[in-house]
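# Overview (structure and organization)
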Amino acid sequence: MTRVVRIHDFGGPEALRLDEVDLPSPGPGEVLVRQSFAGVNYVDVYHRTGLYPLPQIPAVLGVEGAGTVEAVGPGVDSIHVGDRVAYTALPVGAYAAARLIPADRLLRLPPAIPERSAAGAMLRGVTAHMLLHRTYPVGPGTTLLVHAAAGGLGLVLVQWARLLGATVIGTVGSEEKAEIARAAGLDHAILYRNADFVSAVREITDGRGVDVAYDGIGGTTLLRTFDAVRPFGTVASVGQAGGPIPPIDVAQLGPRRSLSLSRPSVFGYMTDVATYRTAAAAFLALLEQGRIRASVGAAYPLAEAPEAHRDLEGRRTTGSILLAA
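Residues numbered from 1 in each chain as written. Predicted model: local features only at pLDDT ≥ 70, side-chain atom pairs only at ≥ 80, totals over all residues. Heavy atoms only, no water.

## Some details on the pattern of salt bridges
- A full pass over the atoms with the stated rule returns 15 salt bridges.
- One salt bridge in this structure joins E115 and R84, with 3.1 Å as the shortest N-O distance. With E115 in helix α2 (residues 115–119) and R84 in strand β6 (residues 84–88), this residue pair connects regions lying 31 residues apart in the sequence.
- The residue E175 makes a salt bridge to R182 at a minimum N-O spacing of 2.8 Å.
- On the basis of relative accessible area, R182 is assigned to the partly exposed category, the value being 34%.
- Each of E175, E179 and R182 takes part in a single network of salt bridges with overlapping partners. (Salt bridge = Lys/Arg side-chain N within 4 Å of Asp/Glu carboxyl O. Helix = DSSP H or I, 4+ residues; strand = E, 2+ residues; numbered from the N terminus. Buried < 20%, exposed > 50% of the residue type's maximum accessible area, 1.4 Å probe, protein only.)

Right, dumping it as C-alpha coordinates:
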(Lines give C-alpha, C1' and ligand atoms only; values in the text may rest on other atoms or scores of the structure.)
Protein backbone atom coordinates (compact mmCIF):
# COMPACT_ATOMS: atom_id res chain seq x y z
CA MET A 1 0.00 0.00 0.00
CA THR A 2 1.08 3.57 -0.63
CA ARG A 3 -0.38 6.96 0.19
CA VAL A 4 -1.69 9.02 -2.73
CA VAL A 5 -3.72 12.17 -3.28
CA ARG A 6 -6.41 11.68 -5.88
CA ILE A 7 -9.75 12.97 -7.07
CA HIS A 8 -12.90 10.90 -7.28
CA ASP A 9 -14.80 13.68 -9.03
CA PHE A 10 -13.96 17.07 -10.49
CA GLY A 11 -14.24 20.14 -8.30
CA GLY A 12 -12.45 22.58 -6.02
CA PRO A 13 -9.46 21.91 -3.75
CA GLU A 14 -11.73 19.91 -1.44
CA ALA A 15 -11.95 17.26 -4.19
CA LEU A 16 -8.36 16.25 -3.36
CA ARG A 17 -8.47 13.24 -1.06
CA LEU A 18 -5.68 11.37 0.73
CA ASP A 19 -6.09 7.65 0.02
CA GLU A 20 -4.13 4.42 0.29
CA VAL A 21 -3.84 2.21 -2.78
CA ASP A 22 -2.12 -1.01 -3.76
CA LEU A 23 0.94 -0.55 -5.92
CA PRO A 24 1.89 -3.50 -8.15
CA SER A 25 5.44 -4.47 -9.05
CA PRO A 26 6.88 -2.61 -12.06
CA GLY A 27 6.05 -4.13 -15.41
CA PRO A 28 8.18 -4.18 -18.58
CA GLY A 29 9.86 -0.80 -19.08
CA GLU A 30 8.59 0.52 -15.75
CA VAL A 31 10.33 1.75 -12.62
CA LEU A 32 9.08 2.05 -9.04
CA VAL A 33 10.13 5.39 -7.54
CA ARG A 34 9.94 6.12 -3.82
CA GLN A 35 9.20 9.82 -4.00
CA SER A 36 10.67 12.55 -1.84
CA PHE A 37 8.67 15.42 -3.35
CA ALA A 38 6.07 16.08 -6.01
CA GLY A 39 5.70 19.42 -7.78
CA VAL A 40 2.40 21.32 -7.73
CA ASN A 41 1.51 23.07 -10.99
CA TYR A 42 -1.39 24.94 -12.53
CA VAL A 43 -1.97 22.03 -14.89
CA ASP A 44 -2.91 20.04 -11.76
CA VAL A 45 -5.66 22.59 -11.10
CA TYR A 46 -6.89 22.19 -14.67
CA HIS A 47 -6.96 18.40 -14.21
CA ARG A 48 -8.74 18.74 -10.85
CA THR A 49 -11.48 20.96 -12.27
CA GLY A 50 -11.91 18.95 -15.46
CA LEU A 51 -10.77 21.79 -17.71
CA TYR A 52 -8.11 19.47 -19.09
CA PRO A 53 -9.54 15.95 -19.46
CA LEU A 54 -8.13 12.90 -17.71
CA PRO A 55 -8.39 9.38 -19.12
CA GLN A 56 -10.30 8.21 -16.05
CA ILE A 57 -11.13 8.97 -12.44
CA PRO A 58 -10.36 8.27 -9.64
CA ALA A 59 -7.01 9.74 -10.64
CA VAL A 60 -3.84 10.57 -8.76
CA LEU A 61 -2.80 14.08 -9.84
CA GLY A 62 0.66 15.52 -10.45
CA VAL A 63 3.06 15.50 -13.38
CA GLU A 64 6.53 15.91 -11.84
CA GLY A 65 8.54 14.65 -8.93
CA ALA A 66 11.83 13.35 -7.62
CA GLY A 67 12.93 10.45 -5.46
CA THR A 68 14.86 7.19 -5.37
CA VAL A 69 14.45 4.07 -7.50
CA GLU A 70 13.21 1.10 -5.44
CA ALA A 71 12.64 -1.47 -8.18
CA VAL A 72 12.88 -1.83 -11.95
CA GLY A 73 10.80 -3.92 -14.30
CA PRO A 74 11.88 -6.34 -17.03
CA GLY A 75 13.91 -4.77 -19.82
CA VAL A 76 15.04 -1.72 -17.84
CA ASP A 77 18.81 -1.31 -17.94
CA SER A 78 19.21 2.49 -18.06
CA ILE A 79 18.10 3.04 -14.46
CA HIS A 80 19.15 1.09 -11.38
CA VAL A 81 17.89 0.54 -7.85
CA GLY A 82 19.21 3.31 -5.62
CA ASP A 83 19.47 5.95 -8.35
CA ARG A 84 18.21 9.41 -7.47
CA VAL A 85 15.89 10.51 -10.26
CA ALA A 86 13.57 13.28 -11.37
CA TYR A 87 10.92 13.47 -14.08
CA THR A 88 8.05 15.35 -15.59
CA ALA A 89 5.57 13.48 -17.72
CA LEU A 90 2.12 12.22 -18.39
CA PRO A 91 0.37 10.12 -17.25
CA VAL A 92 -0.49 11.89 -14.03
CA GLY A 93 0.40 10.25 -10.73
CA ALA A 94 3.03 12.31 -8.88
CA TYR A 95 0.98 13.12 -5.77
CA ALA A 96 2.09 9.89 -4.13
CA ALA A 97 4.59 8.47 -1.69
CA ALA A 98 5.59 6.00 -4.42
CA ARG A 99 4.61 5.49 -8.04
CA LEU A 100 5.28 3.53 -11.20
CA ILE A 101 6.61 5.43 -14.21
CA PRO A 102 8.15 4.55 -17.60
CA ALA A 103 11.92 4.38 -17.36
CA ASP A 104 12.47 6.64 -20.37
CA ARG A 105 10.87 9.53 -18.45
CA LEU A 106 13.44 9.40 -15.65
CA LEU A 107 16.67 11.36 -15.52
CA ARG A 108 19.39 10.68 -12.98
CA LEU A 109 20.05 13.55 -10.62
CA PRO A 110 23.67 14.70 -10.26
CA PRO A 111 24.84 14.80 -6.62
CA ALA A 112 24.82 18.62 -6.65
CA ILE A 113 21.05 18.83 -7.28
CA PRO A 114 18.78 18.21 -4.26
CA GLU A 115 15.59 16.28 -4.91
CA ARG A 116 13.70 19.20 -3.38
CA SER A 117 15.01 21.53 -6.08
CA ALA A 118 14.42 19.19 -9.00
CA ALA A 119 10.93 18.04 -8.02
CA GLY A 120 9.31 21.41 -8.53
CA ALA A 121 11.37 22.58 -11.46
CA MET A 122 11.34 19.87 -14.11
CA LEU A 123 8.08 20.90 -15.81
CA ARG A 124 9.10 24.55 -15.75
CA GLY A 125 12.53 23.73 -17.12
CA VAL A 126 11.21 21.74 -20.06
CA THR A 127 8.54 24.40 -20.70
CA ALA A 128 11.19 27.14 -20.68
CA HIS A 129 13.30 25.14 -23.13
CA MET A 130 10.29 24.87 -25.46
CA LEU A 131 9.49 28.58 -25.22
CA LEU A 132 13.02 29.92 -25.53
CA HIS A 133 14.32 27.51 -28.17
CA ARG A 134 11.33 26.27 -30.18
CA THR A 135 8.42 28.71 -29.90
CA TYR A 136 10.59 31.79 -30.49
CA PRO A 137 14.38 31.41 -30.61
CA VAL A 138 15.73 33.84 -28.00
CA GLY A 139 19.25 35.24 -28.13
CA PRO A 140 21.33 38.39 -27.74
CA GLY A 141 19.26 41.45 -28.58
CA THR A 142 15.89 39.80 -27.89
CA THR A 143 13.53 41.72 -25.62
CA LEU A 144 10.79 39.67 -24.01
CA LEU A 145 7.88 40.03 -21.60
CA VAL A 146 7.15 37.45 -18.92
CA HIS A 147 3.86 37.63 -17.05
CA ALA A 148 3.96 36.42 -13.42
CA ALA A 149 7.74 36.78 -13.45
CA ALA A 150 8.05 35.73 -9.79
CA GLY A 151 6.14 32.48 -10.29
CA GLY A 152 7.70 29.07 -10.82
CA LEU A 153 7.85 29.24 -14.62
CA GLY A 154 8.51 32.98 -14.61
CA LEU A 155 11.68 32.70 -12.52
CA VAL A 156 13.08 29.96 -14.75
CA LEU A 157 12.29 31.98 -17.90
CA VAL A 158 13.91 35.09 -16.46
CA GLN A 159 17.14 33.29 -15.59
CA TRP A 160 17.42 31.24 -18.78
CA ALA A 161 16.55 34.16 -21.06
CA ARG A 162 19.24 36.28 -19.41
CA LEU A 163 21.77 33.49 -19.97
CA LEU A 164 20.84 33.63 -23.66
CA GLY A 165 21.55 37.37 -23.76
CA ALA A 166 17.97 38.69 -23.73
CA THR A 167 16.53 41.74 -21.99
CA VAL A 168 13.65 40.63 -19.77
CA ILE A 169 10.61 42.66 -18.71
CA GLY A 170 8.26 41.05 -16.20
CA THR A 171 4.92 41.74 -14.56
CA VAL A 172 4.52 41.03 -10.83
CA GLY A 173 1.81 41.59 -8.24
CA SER A 174 3.79 43.24 -5.45
CA GLU A 175 7.09 44.91 -4.62
CA GLU A 176 8.09 41.79 -2.69
CA LYS A 177 7.61 39.68 -5.82
CA ALA A 178 9.44 42.31 -7.86
CA GLU A 179 12.48 41.92 -5.61
CA ILE A 180 12.39 38.14 -6.00
CA ALA A 181 12.27 38.48 -9.79
CA ARG A 182 15.04 41.11 -9.83
CA ALA A 183 17.23 38.80 -7.77
CA ALA A 184 16.78 36.22 -10.54
CA GLY A 185 17.99 38.74 -13.12
CA LEU A 186 14.83 40.56 -14.23
CA ASP A 187 15.78 43.80 -15.98
CA HIS A 188 12.48 45.67 -15.61
CA ALA A 189 9.67 44.89 -13.14
CA ILE A 190 6.14 46.18 -13.76
CA LEU A 191 3.72 46.11 -10.83
CA TYR A 192 0.57 45.43 -12.80
CA ARG A 193 -1.73 46.54 -9.97
CA ASN A 194 -0.14 49.99 -9.96
CA ALA A 195 0.63 50.57 -13.63
CA ASP A 196 -0.73 49.71 -17.07
CA PHE A 197 1.70 47.06 -18.26
CA VAL A 198 1.21 47.87 -21.95
CA SER A 199 2.12 51.52 -21.44
CA ALA A 200 5.07 50.52 -19.26
CA VAL A 201 6.39 48.07 -21.87
CA ARG A 202 6.06 50.69 -24.59
CA GLU A 203 7.97 53.20 -22.46
CA ILE A 204 10.76 50.72 -21.65
CA THR A 205 11.14 49.75 -25.33
CA ASP A 206 10.91 53.34 -26.68
CA GLY A 207 7.53 52.58 -28.21
CA ARG A 208 8.65 49.49 -30.13
CA GLY A 209 7.22 46.66 -28.04
CA VAL A 210 8.82 43.35 -27.11
CA ASP A 211 9.86 40.66 -29.55
CA VAL A 212 8.01 37.90 -27.70
CA ALA A 213 5.63 37.76 -24.74
CA TYR A 214 4.83 34.74 -22.57
CA ASP A 215 1.36 34.79 -21.02
CA GLY A 216 0.16 32.20 -18.51
CA ILE A 217 -2.63 34.44 -17.19
CA GLY A 218 -5.17 34.27 -20.00
CA GLY A 219 -8.45 36.16 -19.82
CA THR A 220 -8.26 39.83 -20.74
CA THR A 221 -4.51 39.86 -20.02
CA LEU A 222 -3.85 37.84 -23.17
CA LEU A 223 -5.79 40.30 -25.34
CA ARG A 224 -3.96 43.28 -23.82
CA THR A 225 -0.62 41.55 -24.30
CA PHE A 226 -1.06 41.86 -28.07
CA ASP A 227 -0.51 45.61 -27.69
CA ALA A 228 2.80 45.10 -25.87
CA VAL A 229 4.45 43.21 -28.75
CA ARG A 230 6.20 44.74 -31.76
CA PRO A 231 4.90 44.18 -35.29
CA PHE A 232 5.70 40.66 -36.47
CA GLY A 233 6.48 39.65 -32.89
CA THR A 234 5.10 36.60 -31.11
CA VAL A 235 2.70 36.04 -28.22
CA ALA A 236 2.87 32.61 -26.58
CA SER A 237 -0.22 31.67 -24.57
CA VAL A 238 0.84 29.04 -22.04
CA GLY A 239 -1.93 29.04 -19.43
CA GLN A 240 -5.06 30.63 -18.07
CA ALA A 241 -4.52 31.18 -14.37
CA GLY A 242 -6.54 34.40 -14.52
CA GLY A 243 -9.46 33.16 -16.57
CA PRO A 244 -10.46 31.26 -19.71
CA ILE A 245 -8.80 32.02 -23.02
CA PRO A 246 -11.25 34.35 -24.82
CA PRO A 247 -12.37 33.77 -28.40
CA ILE A 248 -9.82 35.43 -30.66
CA ASP A 249 -10.60 36.75 -34.11
CA VAL A 250 -7.62 36.33 -36.40
CA ALA A 251 -8.23 39.92 -37.51
CA GLN A 252 -7.17 41.00 -34.00
CA LEU A 253 -3.62 39.95 -34.88
CA GLY A 254 -3.33 42.22 -37.94
CA PRO A 255 -2.94 44.15 -40.11
CA ARG A 256 -2.04 46.82 -37.55
CA ARG A 257 -0.42 44.37 -35.14
CA SER A 258 0.90 41.76 -37.60
CA LEU A 259 1.47 39.26 -34.79
CA SER A 260 2.03 35.54 -34.48
CA LEU A 261 -0.01 33.83 -31.75
CA SER A 262 1.29 30.52 -30.41
CA ARG A 263 -0.47 28.10 -28.07
CA PRO A 264 2.37 25.62 -27.42
CA SER A 265 1.75 22.52 -25.35
CA VAL A 266 4.63 21.31 -23.24
CA PHE A 267 3.03 17.87 -23.06
CA GLY A 268 2.91 17.81 -26.84
CA TYR A 269 6.56 18.87 -26.83
CA MET A 270 7.42 16.02 -24.48
CA THR A 271 5.59 13.38 -26.51
CA ASP A 272 8.79 12.82 -28.45
CA VAL A 273 11.05 11.09 -25.94
CA ALA A 274 14.27 12.40 -27.52
CA THR A 275 13.00 15.99 -27.39
CA TYR A 276 11.94 15.56 -23.77
CA ARG A 277 15.23 14.08 -22.67
CA THR A 278 17.25 16.73 -24.52
CA ALA A 279 15.26 19.56 -22.93
CA ALA A 280 15.30 18.04 -19.45
CA ALA A 281 19.02 17.28 -19.60
CA ALA A 282 19.80 20.83 -20.75
CA PHE A 283 17.86 22.24 -17.81
CA LEU A 284 19.43 19.88 -15.27
CA ALA A 285 22.89 20.82 -16.56
CA LEU A 286 22.16 24.50 -15.86
CA LEU A 287 20.91 23.59 -12.38
CA GLU A 288 24.01 21.53 -11.69
CA GLN A 289 26.28 24.36 -12.83
CA GLY A 290 24.42 26.85 -10.64
CA ARG A 291 23.56 28.99 -13.65
CA ILE A 292 19.86 28.58 -12.89
CA ARG A 293 18.54 28.32 -9.35
CA ALA A 294 15.35 26.45 -8.56
CA SER A 295 13.30 28.58 -6.20
CA VAL A 296 11.06 26.59 -3.83
CA GLY A 297 8.47 28.83 -2.23
CA ALA A 298 6.81 26.28 0.07
CA ALA A 299 6.54 22.56 0.76
CA TYR A 300 3.33 21.03 2.12
CA PRO A 301 2.74 17.55 3.56
CA LEU A 302 0.96 15.26 1.12
CA ALA A 303 -2.22 15.49 3.20
CA GLU A 304 -2.26 19.28 2.74
CA ALA A 305 -2.58 19.16 -1.04
CA PRO A 306 -5.91 21.06 -0.89
CA GLU A 307 -4.20 23.96 0.92
CA ALA A 308 -1.39 23.95 -1.65
CA HIS A 309 -3.96 24.31 -4.43
CA ARG A 310 -5.76 27.12 -2.59
CA ASP A 311 -2.52 29.04 -2.16
CA LEU A 312 -1.54 28.48 -5.80
CA GLU A 313 -4.90 29.65 -7.12
CA GLY A 314 -4.91 32.59 -4.71
CA ARG A 315 -1.53 33.75 -6.05
CA ARG A 316 -0.07 33.56 -2.58
CA THR A 317 3.01 31.65 -3.71
CA THR A 318 6.36 32.45 -5.29
CA GLY A 319 8.64 30.03 -7.08
CA SER A 320 7.75 26.35 -7.09
CA ILE A 321 5.59 24.67 -4.47
CA LEU A 322 5.92 21.05 -3.44
CA LEU A 323 4.20 18.19 -1.71
CA ALA A 324 6.52 16.29 0.64
CA ALA A 325 5.76 12.65 0.03
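Read on for the rest.
## Examining the domain arrangement of the protein
- Annotation of the protein at the domain level lists domain 1 (2–123 + 269–324) and domain 2 (136–263).
- On a C-alpha basis, the centres of domain 1 and domain 2 stand 28 Å from each other.
- Counting from both sides, the interface comprises 16 residues of domain 1 and, opposite them, 19 residues of domain 2.
- Taking both partners together, domain 1 and domain 2 bury about 1400 Å²; carbon and sulfur atoms supply 56% of that area.
- Connecting domain 1 to domain 2 are 0 salt bridges.
- Between the two partners, domain 1 and domain 2, sit 8 residue pairs in polar contact (both at pLDDT 80 or more).
- Of all the elements, helix α9 (residues 273–289) adds the most residues to the side of domain 1 that touches domain 2, at 3 residues.
- Of the residues assigned to the side of domain 1 that touches domain 2, the class counts are 8 nonpolar, 5 polar and 3 charged. (Domains from an automatic or database assignment. Contact = heavy atoms within 4.5 Å. Buried area = accessible area lost by both parts, 1.4 Å probe. Polar contact = N/O pair within 3.5 Å; in protein donor to acceptor, adjacent residues only side chain to side chain. Nonpolar A, V, L, I, M, F, W, Y, C, P; charged D, E, K, R; others polar.)

## Some details on the side chain of N41
- Among the secondary structure elements, N41 is positioned in the loop between β3 (30–40) and α1 (42–49).
- A polar side-chain atom of N41 sits 3.0 Å from a polar atom in the side chain of E64.
- In this structure, N41 is in contact with V63, E64, L123, R124 and L312, ignoring residues within four places of it in sequence.

## Quick look at the pairing of strand β15 (residues 296–301)
- Relative to strand β16 (residues 320–324), β15 runs parallel, the two sharing 5 bridges. Bridge assignment links Y300 to a residue of β16, and that residue is L323.
- You can see the chain leave β15, run along helix α10 (residues 305–313) and come back into β16, and the turn it takes is right-handed. (Pairing = 2+ DSSP bridges. Right-handed = clockwise from strand over helix to strand, strands pointing away.)

## Here's the deal with the layout of surface pockets
- Of the voids in this model, the largest pocket is the one considered here, and its volume is about 1100 Å³.
- Along the wall of the largest pocket there are 49 residues; nearest its centre are Y42, L153, G216, V238 and A241.
- Residue assignment for the lining of the largest pocket shows that the elements contributing at least two residues are α1, α3 (122–135), α4 (152–163), β10 (167–172), β12 (210–215), α7 (219–225) and α8 (266–269).
- A per-class count over the lining of the largest pocket returns 23 nonpolar, 19 polar and 7 charged.
- Composition of the lining of the largest pocket by domain shows at least three residues from each of domain 1 (2–123 + 269–324) and domain 2 (136–263).
- When its volume is computed, the second largest pocket comes out at roughly 420 Å³.
- Taken together, 21 residues make up the lining of the second largest pocket; nearest its centre are V60, V92, G93, R99 and L100.
- For the lining of the second largest pocket, the elements supplying multiple residues, two or more each, are β1 (2–7), β4 (59–60) and β7 (98–102).
- The biggest single contributor to the lining of the second largest pocket is β7, with 5 residues.
- Split into classes, the residues belonging to the lining of the second largest pocket amount to 15 nonpolar, 2 polar and 4 charged. (1 Å grid on protein atoms, 1.4 Å probe; cavity = no way out; pocket = protein on both sides within 12 Å on 5 of 7 lines; lining within 4 Å. Points joined across faces, edges and corners; volume = space filled by probe spheres on them.)

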